Amino acid sequence: MNNTGKSVTRVDAYDKVTGRTKYYEDLMPKDALYVRIKHSEIAHGYVRSIDTSAAEAIEGVVRVLTCFDVPDIPFATAGHPWSMDPSHQDTADRHLLNRHVRYYGDDVAVVIAENEVAAMQGVRALKVEYDELPFVLDVQEAMKEGAPQIQENSPGNLLKHTSAKGGNYEEAIKNPDLIKVEGWYETPTVQHCHIENHGCFAYEENGRIVCVASTQIPHIIRRVCGQALGRPWADIRIIKPYIGGGFGNKQDALYEPLCCWCTSMMGGRPVRIDCAREETFVSNRVRHAIRFHIVTWLTKDATIAARKVEVFSNQGAYASHGHSIAAKAMGSFAQHYPCPDFESDSYTVYTNRPAAGAMRGYGMPQASFADESNIDDCAKVLGMDPVDFRMKVIMPKDYKDNFSGNVNYFDSFRACLAKGRELFDYDRLYKEYSGQTGPLRRAVGVATFWYNTAVYPISLETSSNRMLLNLDGTVTTQCGETEIGQGADTAFAQMTAEILGLKSYRDVHVVSCQDTDITPTGLGAYASRQTYVAGFSIRQTGEQLREKILKHASERTGQPTDDIDIEEGNIVSLRDGNVLMSLGELAKIVQYDPVHSEHITAESTFTIRSNAYSFGCTFVDITVDIPMCKITVNRALNLHDCGNLINPALAEAQVHGGMSMGLGFGLSEQLLFDPKTGRVLNNNLLDYKLSTFMDHPRLEAEFIENPEPTSPFGTKALGEPPACSMAPAIRNAVLNATGVEVDMLPLNPHNLFRRFKESGLIGE
Amino acid sequence: MAQYQLIHFTLNGKPVEKYIDVRASLTDVLRNDFSMTSVKKGCEVGECGACNVLIDGECYNSCIYLGVWADGKNIRTLEGLLGPDGELSDIQQAFMDETAVQCGFCTPGFIMTAVEILESGKEYSEEELRKLLSGHLCRCTGYENILRAVTKVMKQRLKKS
Amino acid sequence: MYDMGTFYEAKSVQEAVELRLAHPEADIIAGGTDVLVQMREGRRAGKSLISIYGIDELRGIRLEDDGTIRIGSLTSFSHITRDPLIEKYLLCLGEAVDQVGGPQIRNAGTIGGNTCNGVTSADSSSTLHAYDAVIELTGKNGIRRLPIQEFYIKAGVVDLRVEDGEIQTGILISKDSYENTNGFYIKYAMRNAMDIATLGTSVNARLSADKKTFERVRIAYGVAGPVPLRATTAEQFINGKEVTPENIEAFSKEVLNDVHARDSWRAAKDFREHIAVESAKRALIESVRRCGGEV
């Protein structure tokens, strides 16, 4: 392998360190009209009327459009592949602007103006009258009889309920020798906080709509825009430039459909929607707050006999990704710690919170917090070292999940735990830190996770790729999988160079921008799928291109195709290793052949029908300042078995970012709601406590590279996994330091104070 | 009624002048009037650092700095860091080499703060560097590789001098 | 682009006073880190502004003839922290303002703006209270000086007389206030940078020559009430007492007589009170240590 497995510099690094990289706003037409959205100032109710006269009188305001003007077409926004099976399609439960407003911040009208200030003034000048309804923010409250009804088609606010069972739980727990460990574990509503807010602009060209958007999923956005506007899908052209992060928020149709509609209502004039940070927090998507109830039954010799898990997922006002998150969370338990008798239920429930969608980890950070907290509670009850207990009960080697077909080929959990234990000097520290009594206490903590790679078999997995041999012997490649900051383009360049036998990944030009008029259809960035799924189509397309190249080379050199190959960008003879011609020479000869001219390309689609387990764990060393109710993370180590690494430096960087997100989830992040109005109280980066430079320890990342058998390049998920196990590792370290279970995230001073007080660590 | 004012300032070493709308932030002026698109908008209230530029040698969030205040100032953006023949500065190179760049949106602001830190010629501890860099939020990197890049160049420059 | 009315720019204090008298409806803007944020969120939308940011005579720190330290109102936080006079005599103030927001905010934000907006969480303000700072205002009738505690009227409101064209021009700390005194500020916040204080605790102490007795202890809080406040009961309790852990512990409990923390979505009353006690203790211990005493 010459090109993969190397820490080469990102293909987009130069432009990014010089500030030349163009994001959507850097491509803005000068004459774009500003569209500002009027958001509802109640959590639930109906818009009775909107007085637009004052707004329309403002100089610079061009037009006001309201929820009474939009087409009556409910649409779904989730960035899922479309399904031809209606029962698999996402719930269509919102309009471009909504008369039935379902959360504080819902979209009710837009003001279109020639300048930003007029648009802002216009929004402030709108007078909206509502028929107000009671609202509900909590899942359990929303499930009660008589709770406010949020969506017309979901009685009882239940979007979906699913169950999974194994053995006979009720029968098993009759055994009087079993030890019961029960807990409620709760995670908050948090937001993605990519530094570039979502935004887009749209205009018409030859009767079609062009929309340049900060999105992870251009092809899916085209479909959703077509559906929302009731127009043929190919009437819409989505262009995705570089984006300033997404983390799942931009794996959803956000304001692209509204933007497309606004330009169509303005005769095709360019219009722009730029989300303010405050809108990103409230009126985009958030991570599902999930409440878990776990009952674990242990045998005296420390095995798990039976387990029951209930998952209550707060969907917020609109379905977005819906039950997929809770279902994935629920599904993780029985595989993580298999036991003979298992029962689980998950409920996804509408509330009047902002709509929850995809966010890095897709239910697994929540599940991992609950599962791993409960497992440490079990170890505590048994008086066992938490790592020893895990070694005993965690997913065994060769475990196979029959639904996904995934297999734990390498006993990866135990390998990660064993390596982490050693690198972290865990055993010594665990002993050294035990039995502390003072106000400042140190402790270590551990948590594990597993993750799927891509979404097969739940949804379609497909990837398309196009390659073109350039006349200088370089190769241009493009696919529908998107660069969103993670480094996908660099991995694609390395994989393409590898398959084709090019000298360097620098001989591959990745077309970073996706344009639905040009780019082969793909699904975009999500589900930690990029390297895995694009790997299939890159391999397949690369092989096709290689075949074509060798066929031409054979014709031009007179050597049989079996006797030649591509090495370091040259056609070489396999007999003597001699260079016969360069790829550039071949490309030129073929292109400029006066009789049989050909530009050498290949294009193919691969339908992926496999999945792969990704594994890992986190070790932390913390100090708890009990009187100050504060946690300092002194050291943090993540270990991953994500298969082979295409680019170790980029993989490490991905892990840092995930750990960082996990750190915020564990310690400080939480959207707060005013119980009186349902309004989000901290819709800005000052009051929403994203971890700063000073809140981070040094982040360490280690890998165990077990090649994934199903994967063309031996890779599997890494994008989301690093975000999964940090929070429970910190929670478990707090348990080790203080003996106190803090089962509600974040572990911020407010929650620590409450729990330390309840447990007597802090006196009256 | 829009009110305009003529301002003169030095932008990346070059004297410039422009009639600007008094309501414009320095971010607006740099992006819209001078096409300095490295100046990014992440929050527009001074909480994320994406719009950071150097004004008379000190870092400011240009989103909450009025454009008219730029009059008479020496302003530097990331566009001004390239050498006369287009060569990268050491800190830009280090951001590339240390994989300190992911989505790239916070990068220009971070590099400009790094410039202020490095031009002080002082040696800082890790804790001090964290504090000096703490006016920037990044969701991609966990700050780890940014710290590595800045530390590396700080040490290189101290060795040279 | 800000939704701003008319923009006026003062180049001197006198010009600022005249503009203020001519345009009483306009707001004063200094470093802009608060005013512009509020303008954007709508609270000050459409307002006209008088910029005093260009008045360089209001920048800098100097020692007056009687030993008073004078801080020009437009001095930025970062310049205060780096100033040699502050490092020598008022280290605690330099450290306090070094915890405002992040580095860029500290380059832009001014101590005058931080006090004139009247918010209880301002990082400079509790320390200025603890040092009995005097606020200097300049208006059409000349200069007016008043103790900082009188300057703060209620949350968000300070004694700045628009009808007299007043602007704040300086902050003064007398020699007796800082001499032989060492202090410590604890900013209690939810993260270590880019945050506003959940509670700010500023303590300074002067010990007897043998370092055994508290001669004068002053303690002030931010966010323990609608405006910054002094915990005078606790001060009276400790003054004249011996430097012992027991006395410090008792002092820290006394602060509860003075703080008026409230429940808000940012923090609960009992939590703030708990932190007030713990911070008082830790800040006094550190002040003693800085005075050369032992606990």
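This structure is a prediction, so every number in the text was calculated from the model and none was measured. (Residues numbered from 1 in each chain as written. Chains lettered and ligands numbered in written order. Predicted model: local features only at pLDDT ≥ 70, side-chain atom pairs only at ≥ 80, totals over all residues.)

(A) Spatial organisation of the overall build of chain A. Along its length, chain A carries 19 helices and 27 strands. For chain A, whose C-alpha radius of gyration is 27 Å, the value lies close to the compact-globule estimate of 27 Å for 764 residues. For chain A, the spread of C-alpha atoms along the three principal axes comes to 90 × 75 × 50 Å. Looking at chain A as a whole, 61% of its 764 residues qualify as buried. In chain A, of all internal contacts separated by at least 6 residues, the share reaching a separation of at least 24 is 80%. (Helix = DSSP H or I, 4+ residues; strand = E, 2+ residues; numbered from the N terminus. Rg over C-alpha atoms; globule rule 2.2 N^0.38 Å. Buried ≥ 20, exposed ≤ 12 C-beta atoms within 10 Å, placed from the backbone. Contact = placed C-beta atoms within 7 Å.)

(B) A look at the domain arrangement of chain A. Residues and elements named next belong to chain A. For chain A, the domain assignment lists domain 1 (31-133 + 198-274), domain 2 (289-455 + 610-758) and domain 3 (462-607). Each of domain 1 and domain 3 has a C-alpha centre, and the two are 39 Å apart. Contact residues are listed per partner, giving 19 residues for domain 1 and 17 residues for domain 3. At the level of secondary structure, the elements contributing two or more residues to the side of domain 1 that touches domain 3 comprise α6 (218-229) and β11 (236-240). In terms of residue class, the side of domain 1 that touches domain 3 is made up of 9 nonpolar, 7 polar and 3 charged. (Domains from an automatic or database assignment. Nonpolar A, V, L, I, M, F, W, Y, C, P; charged D, E, K, R; others polar.)

(C) Region of interest: the interface of chain B and chain C. Each partner contributes to the interface: chain B provides 27 residues, whereas chain C provides 21 residues. When contributions to the side of chain B that touches chain C are tallied by element, the ones reaching two or more residues are β4 (58-61) and α4 (126-132) of chain B. Broken down by element, the residue count for the side of chain B that touches chain C peaks at 4 residues, all from β4 of chain B. Split into classes, the residues belonging to the side of chain B that touches chain C amount to 11 nonpolar, 9 polar and 7 charged.

(D) Up close: the environment of Gly135 of chain B. Examined against the element boundaries, Gly135 of chain B turns out to sit in the loop between α4 and α5 (144-160). Along the chain, Gly135 of chain B and Gly49 of chain B lie 86 residues apart, while their C-alpha atoms are 5.8 Å from each other. Apart from the residues within four sequence positions on either side, Gly135 of chain B is in contact with Gly49 and Thr113 of chain B together with Gly102, Pro103, Gln104, Ile105 and Met194 of chain C.

(E) View of the pairing of strand β24 (residues 601-607) of chain A. All names here are of chain A. With burial as the criterion, only one face of β24 is covered, namely that bearing Ala602, Ser604 and Phe606; the residues Thr601, Glu603, Thr605 and Thr607 on the opposite face remain uncovered. One ladder, built from 7 bridges, connects strand β17 (residues 462-469) with β24; its direction is antiparallel. Its bridge partner being in β24, Met467 is matched across the sheet by Ala602. (Pairing = 2+ DSSP bridges.)

(F) Representation of helix α1 (residues 13-22) of chain C in the model. Residue and element names in this part refer to chain C. Within α1 the residues assigned to the buried category are Ala16, Val17, Leu19 and Arg20. Buried residues of α1 fall within an arc of 165 degrees about the axis and therefore sit on the same side. Buried residues belonging to α1 abut β1 (7-9), β3 (49-51), β6 (134-139) and β10 (167-173). (Arc of directions from axis to C-beta.)

(G) Examining the sheet that holds strand β18 (residues 475-479) of chain A more closely. All names here are of chain A. Spatially, the 4 strands line up as an open sheet ordered β19-β18-β17-β24, and their pairing is mixed. The open sheet has two free edges, formed respectively by β19 (508-510) and β24, since each of these has just one partner strand. On average, each strand axis in the sheet is tilted by 20 degrees relative to the strand beside it, whichever way the strands run. Of the pairings in the sheet, the one linking β17 to β18 comprises 5 bridges and is antiparallel in character. By the bridge assignment for β18, Arg466 is matched with Gln478. The strands touched by helix α14 (residues 488-500) within the sheet are β17, β18 and β19, with β19 carrying the most contacts at an inclination of about 145 degrees. (Axes fitted to C-alpha atoms, helices over the stretch in contact; angles between N-to-C directions.)

(H) Looking closely at the interface of chain A and chain B. Taken together, the contact between chain A and chain B spans 44 residues of the former and 40 residues of the latter. Of all the elements in the fold, those that place two or more residues in the side of chain A that touches chain B are α1 (13-18) and α17 (648-667) of chain A. The residue makeup of the side of chain A that touches chain B, split by class, is 22 nonpolar, 16 polar and 6 charged.

(I) Representation of the domain arrangement of chain C. Taken domain by domain, chain C consists of domain 1 (7-51), domain 2 (60-175) and domain 3 (182-290). Its C-alpha centre places domain 1 of chain C at a distance of 35 Å from the equivalent point of domain 3 of chain C.

(J) Summary view of the packing of helix α11 (residues 386-393) of chain A against helix α12 (residues 412-423) of chain A. Residue and element names in this part refer to chain A. At their nearest, the axes of α11 and α12 sit 10 Å apart, and the two run at 160 degrees to each other. With respect to α12, the axis of α11 lies roughly antiparallel. The interaxial crossing formed by α11 with α12 has left-handed handedness. Residues Val387, Arg390 and Met391 of α11 touch α12, and the partners they reach there are Arg414, Leu417 and Arg421. Residue composition of the contact of α11 with α12, grouped by class: 3 nonpolar, no polar and 3 charged. (Parallel < 35°, antiparallel > 145°, perpendicular 65-115°, else oblique. Left-handed = near helix turned anticlockwise from the far one by under 90°.)

(K) Region of interest: unusual backbone geometry. In this chain, Tyr456 of chain A is followed by Pro457 of chain A through a cis amide linkage whose omega measures 5 degrees. With respect to the helices and strands, Pro457 of chain A occurs in the loop between β16 (440-451) and β17. Here the amide bond leading from Leu745 of chain A into Pro746 of chain A is cis, since omega sits at -5 degrees, within 30 degrees of zero. Its identity as a non-glycine residue notwithstanding, Asn12 of chain B has a phi of 50 degrees, on the positive side. The phi dihedral of Asn180 of chain C falls on the positive side, at around 50 degrees, and the residue is not glycine. Within the element layout of this structure, Asn180 of chain C appears in the loop between α10 (175-178) and β11 (182-188). Its 12 C-beta neighbours within 10 Å are what place Asn180 of chain C among the exposed residues.

(L) Region of interest: the nonpolar core. Ranked by size, the top nonpolar core spans 402 residues in total, and within it Cys211, Cys259 and Ile730 of chain A carry the most contacts. Excluding residues within four positions of it along the chain, Cys211 of chain A makes contact with Cys200, Ala202, Cys225, Ile236, Ile238, Glu256, Cys259 and Cys260 of chain A. (Core = buried A, V, L, I, M, F, W, Y, C linked by C-beta atoms within 7 Å.)

(M) A look at the environment of Arg546 of chain A. All names here are of chain A. Mapped onto the fold, Arg546 is located in helix α15 (residues 530-557). Given 18 C-beta atoms within 10 Å, Arg546 falls into the partly exposed group. The spatial distance from the C-alpha of Arg546 to the C-alpha of Met495 is 14 Å, given a sequence separation of 51 residues. Among all residues touching Arg546, those that are not within four sequence positions of it are Leu500 and Ile566.

(N) Looking closely at α14 of chain A. The end-to-end C-alpha distance of α14 of chain A is 18 Å, a good match for the 18 Å that 13 residues give at a rise of 1.5 Å each. Among the 13 residues in α14 of chain A, 13 count as buried, and that is most of the element. (Expected span 1.5 Å × (residues − 1).)

(O) Representation of the packing of α17 of chain A against helix α18 (residues 726-738) of chain A. Residue and element names in this part refer to chain A. Between α17 and α18, the shortest axis-to-axis distance is 7 Å and the interhelical angle comes to 50 degrees. The pairing of α17 with α18 is recorded here as oblique in orientation. At the point where α17 passes α18, the crossing takes the right-handed sense. Residue-level contacts link Met659, Gly662, Leu663, Phe665, Gly666 and Leu667 of α17 to Met726, Ala727, Ile730 and Arg731 of α18.

(P) Molecular detail of the sheet that holds β11 of chain C. All names here are of chain C. Taken together, the 4 strands give an open sheet; going across it, the order is β11-β12-β13-β14, and neighbouring strands pair in antiparallel fashion. At either margin of the open sheet sits one strand with a lone partner, and together these are β11 and β14 (229-230). Inspection of the sheet shows strand β12 (residues 199-207) paired to strand β13 (residues 214-222) by 8 bridges, in the antiparallel sense. Counted as the bridge partner of Leu207 is Phe214 from β13. Against the sheet, helix α13 (residues 269-290) makes contact with β11, β12 and β13, and its axis sits at roughly 35 degrees relative to β12, the strand it touches most.

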